[in-house]
Structure formats: structure tokens, C-alpha cells
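Now for the letters of each chain:
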Amino acid sequence: MEFYPHRPAVLERLEQIHRSGRLGQPVLLTGPDGSGKEATALEFARRLACVSPGACTPGAPCESCAKALTFQHPDILWIGPAPAGFDEDDARALFAAKQEDPFFRPPFASTAFVAIGDSEHPGPMTVRHLIRFLQQHPFQAERRIAVVADSRRLNQAAANAFLKTLEEPPGGAVIILLATGTEGMLPTILSRCQEVRVNPWPDGELADLLCELHGVDRETALAAANVAAGDARRAASLLQDITPVVRKTALAWLDWIRLGNRGYAAILADEMHRGVPPHILDADEAAVWKGHGKKGASRKGHRSGSADGVAPGAAAIRRDLAIRLCEWLVLLYSEAMKCRELGDAWRPRVPEAADLIRGFASGRATNTLLGDLERIEACRGDIDRNLNIGLLLAVLSEELIDHAETDRTRLQGT
Ligand SMILES: [Zn+2]
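None of these values were measured; they are calculated from a predicted model. (Residues numbered from 1 in each chain as written. Predicted model: local features only at pLDDT ≥ 70, side-chain atom pairs only at ≥ 80, totals over all residues. Heavy atoms only, no water.)

I tried to follow the confidence of the model for the protein on my own but got confused; where do I start?
Predicted coordinates in areas of low pLDDT are best not read in detail. Residues of the protein with pLDDT of at least 70 account for 95%, and the chain-wide mean is 92. The low-confidence segment residues 296–308 (pLDDT under 50) makes 23 contacts with residues lying over four places distant or belonging to another chain. (pLDDT = per-residue confidence, 0-100. Contact = heavy atoms within 4.5 Å.)

Would you mind going over the packing of aromatic side chains with me for this structure?
The way to describe two aromatic rings as a pair is by their centre distance and the angle between their planes. Here the structure, examined in full by the defined rule, presents 5 aromatic pairs. For the pair Phe-71 and Phe-95, a centre-to-centre distance of 4.6 Å together with 5° between the ring planes defines the contact as stacked. A residue pair is termed long-range when its members are at least 10 positions apart, and Phe-71 in the loop between α3 (63–69) and β2 (76–79) and Phe-95 in helix α4 (residues 88–100) qualify at 24 residues. Pair check on accessibility: Phe-71 and Phe-95 agree, each one buried. Through a chain of ring-to-ring contacts, three or more aromatic side chains come together here, namely Phe-71, Trp-78 and Phe-95. Directly above the aromatic system of Trp-201 lies the positively charged group of Arg-7, at a separation of 4.8 Å from the ring centroid. Arg-153 extends its terminal NZ or CZ atom over the ring of Phe-113, reaching a point 4.5 Å from the ring centre. (Phe/Tyr/Trp six-rings, centres within 6.5 Å; stacked < 30°, edge-to-face > 60°. Helix = DSSP H or I, 4+ residues; strand = E, 2+ residues; numbered from the N terminus. Buried < 20%, exposed > 50% of the residue type's maximum accessible area, 1.4 Å probe, protein only. Lys NZ or Arg CZ within 6 Å of the ring centre and 35° of its normal.)

Looking at this model, I keep getting lost on the nonpolar core. Mind explaining?
When a protein is soluble and globular, its nonpolar side chains tend to lie buried together. Of all hydrophobic cores here, the largest spans 67 residues; its most connected members are Leu-29, Trp-78, Met-125, Phe-162, Leu-177 and Ile-189. Residues in contact with Leu-177, not counting those within four places in the same chain, are Val-27, Leu-28, Leu-29, Val-148, Ser-151, Phe-162, Leu-166, Ile-189 and Cys-193. One finds Ala-252, Leu-254, Ile-401 and Ala-404 within the second-largest nonpolar core, a separate group that totals 65 residues. (Core = buried A, V, L, I, M, F, W, Y, C linked by side-chain atoms within 4.5 Å.)

Teacher, can you tell me more about the coordination of the zinc ion here?
Six octahedral donors around a metal ideally make angles of 90 or 180 degrees; four tetrahedral donors ideally make 109.5 degrees. Here the zinc ion is held by Cys-50 (SG), Cys-56 (SG), Cys-62 (SG) and Cys-65 (SG), and the distances to it run 2.2 to 2.3 Å. Bound by 4 donor atoms, the zinc ion shows angles of 102 to 115° at the metal and therefore tetrahedral coordination geometry. For the zinc ion, all donor residues lie on one chain, and their spacing in sequence is C-x5-C-x5-C-x2-C. (Donors = N, O, S within 2.8 Å, 3.2 Å for Na, K, Ca; no water. Tetrahedral: all angles 85-135°; square planar, octahedral: opposite > 155°, others 65-115°.)

Help me understand helix α5 (residues 127–135) in this model?
Along an α-helix, residues three or four apart share an orientation, since each turn contains 3.6 residues. Buried within α5 are the following residues: Val-127, Leu-130, Ile-131, Phe-133 and Leu-134. Taken around the axis of α5, the buried residues stretch over an arc of 160°, which confines them to a single face. The inward-facing, buried residues of α5 contact β2, β3 (145–148), α6 (156–167) and β4 (174–179). (Arc of directions from axis to C-beta.)

How do you make sense of the packing of helix α12 (residues 262–274) against helix α15 (residues 314–342) when you look at a structure like this?
The angle between the axes and the distance between the axes are what describe a pair of packed helices. Packing of α12 against α15 leaves a shortest axis separation of 8 Å and a crossing angle of 145°. Counting all contacts with α12, which are made through Leu-268, Met-272, His-273 and Arg-274, the residues of α15 involved are Arg-318, Leu-321, Ala-322 and Leu-325. Partitioning the contact of α12 with α15 into residue classes produces 5 nonpolar, 1 polar and 2 charged. (Axes fitted to C-alpha atoms, helices over the stretch in contact; angles between N-to-C directions. Nonpolar A, V, L, I, M, F, W, Y, C, P; charged D, E, K, R; others polar.)

What exactly am I supposed to notice about unusual backbone geometry here?
Peptide bonds are mostly trans, and most non-glycine residues show a negative phi. A positive phi angle, near 50°, is found at Asp-150, a position not held by glycine. Residue Asp-150 is classed as partly exposed on the basis of its relative accessible area, which comes to 22%. Non-glycine residue Ala-229 carries a positive phi angle of around 50°. When you line up the elements, Ala-229 lands in the loop between α9 (218–228) and α10 (232–238).

Please clarify how the environment of Pro-124 should be interpreted in this entry.
Structurally, Pro-124 is set in the loop between α4 and α5. Through-space distance from the C-alpha of Pro-124 to that of Tyr-4 is 23 Å; in sequence the pair is 120 residues apart.

Teacher, can you tell me more about the domain arrangement of the protein here?
Many analyses report the size of an interface as the accessible area lost when the parts associate. We note that the domain assignment places domain 1 (8–199) and domain 2 (240–413) within the protein. The distance between the C-alpha centroids of domain 1 and domain 2 comes to 34 Å. (Domains from an automatic or database assignment.)

Help me understand the environment of Arg-319 in this model?
You can see Arg-319 is positioned in helix α15. Counting along the chain gives 212 residues from Arg-319 to Pro-107, while the straight-line C-alpha distance between them is 9.0 Å. What Arg-319 contacts, discounting residues up to four positions off in sequence, is Pro-107, Ile-383, Asp-384, Asn-386 and Ile-389.

And the structure:
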């Protein structure tokens, strides 16, 4: 068992930077979603602050590590995107959720920004709060340590306010920024950081983690790791009860696209919009669909259900389901492309759907499929940004069916 589900090779890189005395320069960890950037940064922070490195274990942590693990260490600060008005209670709820699930991602993660904060009373997730924190002397550890999640979502004012601190972190403070990539980041921020890249998890390593965290057998874990392509958050979500139900819906959707069944596709868009279980599910599956997300909502304090809080409200649950559905469709389309390109050498990532995908891929052109994949990804992003689910899915289905028909007509014409 580990303190945090971190990436050993990346941690070793950070230790190297530490040993060579270069920690005074902020570190930027870049890697795709679910690659373990945050857990590795938090593990590194915990180790830096640990008061008895030889004796400290996850089962019997020292006082410093116990505080670090509960986000209560006075010298370790984590900030990330948060909606306006996010307060100390919200922060406590968020940290409780992150403790329970190391891959927890709040419903506002893709819409909120890291703000500069009020000059008198900056909120707990703001850059002004971070700067004040770093300017104070450490209480317990040798230095103060700050982790900034999703640093591409620093808004302009926050980024500018942060520059001087990044140039010269006060009192040997350690600053670790996390980002999925460097596009869109201010060059003035990038030039002040040393970048360390984090690759997606190797399947075997991710399967080990899933076995440990979720108590599943290795075969199940490997299958989830394989479908998730190295994204630990996605792999963990694949182990949830909702996955077979979303997969069944996505497979039906793919078949309607193949058959040109516009009516069923339109009904599905409407059902996803209204948050009712898709009509193709049986009673048990519909119950799983209706129960999705409800469990998490009960554990988190006074704001549960509010759009600003940490617990997902009904709208966030609808959005989560629509995003999952799009992610499955992305997977099925990329499988269809692989099936076309590789022929007999194709190793299906979703073996039970291999025949359906083969049928779908025949009579399709690779470049149309590629364009469709980009469209589905864009639709997923728009849903994540809170646009109208029903409209997005209805338009997407129409386009995908149009393209399938165009491919077929072209094929018959030759
Ligand atoms: Zn310790």
C-alpha cells in the first residue's frame, strides 16, 4: 500500500531535482488527464515534510504525514480552479472528497478558473491566498510547499499576480504546477518553470493500482486499464456500476448511426437531456442509471445539490452521464478505425462489441471516421462546458448519420 497512488519514475525525477539543489525553481508537471500528476506532487510534498522518513508507513504515518494526507498540513497548500464565492467550508468538503477518492474531480473542474482573489479576504483557492501562504515562515517543515492543480486555468489577473512569486519563491518555498499541456499558458509562466513530463500509466502498473484501490481481480483491472488507455481516473470510473449501462447505450447508439435510425437517436438525445434512463435499458439497468451520482451527494455537507458546491447536483449528474456516453462513442469510433486499418491484426479493446464494430467499420472511409471522432470529442468538450446536452447530442447524431450515409453512397457509386 502507498500513501498516494503516485508514479514512481516521476517521483524519482522530482527527488533528483531536489538532490541537485534545483527545487528553488518551480516545477511544471505536464501529462494527460488521469496520469497521476497530482498524486505524485502530493506524495513528493508529503515526503519533503515527513518528520520520520525511516519509520513512517501508510498504516502508521508520522504526525506530519497524517496531516498531509488529510490536507491539514500547515506547510502544504493545494489550490485549483473553483467557482466564485468558494469558501472554507467548500474547501473542506472538496478535501474530504479528494481523500475518499484520489481521482475525485469536482463538477466545476472544467468551467471554473483559478482566480486572483479579493485583496482583503482572498478565498482558499486563490492566487492571493497562495502568495500569502508562501510568504509566511513554515511551522513544522523546512519549507512551504504549494501545488497548483490545472494551472492552465489560472485567469489572466491571477497568472500576472503569480509571476513575481514564481520568479523568486520566498524562503526556499517549493511550487509545483500541474497541467495537461503547455498550450495556452503564458510564456512568462513557462519560462520560469522546469517541465517534467508524465506519460499515461502503463497498463500493468495501472492494473496493479486498480486492484489495490478498488479490490477488483486482476483480469477486471487489466480490462479497465486497457480500455482507459493509461488514464487512471477513467479506469476507476469504468469499474463503477454505471459502466455496463452506459456501454450498452453507446453500443445501441452506434448501431442506430449505422442503420440511419434518426428517430431513436433523437429520442436518446432527449432522454439524456431530461436525465431519464434511455428506453433501451431494462428495469434493473434503469435503476442503476437513476441511482448514479446520488451516493456521492449525501456525504458532503451543507451545500449538497447546489451547483456551486462540491457534490454533484442533478445537472452535473446529467452532464457526467452524457460525457461518459460520448467517451464510449469515441472509444467505439477509434476501434472502428483500428479495425479498418489493421484488419486481421486488430485486437479489440471491447471484445464483446467486436462484431458490431466490424459491421460498423465496413463501408466506412477512414478519413470520415477520423473527422467524426473529432466531432464527438468536440461535443464532449461542449457538454463539459455546460452547453445544452439535448441540442448537442441531437445535432451530433444527425451529422454522424449523414456521414455514414455519404460513405455508403460513395462506396456504392464506385
Ligand atoms: Zn511521515
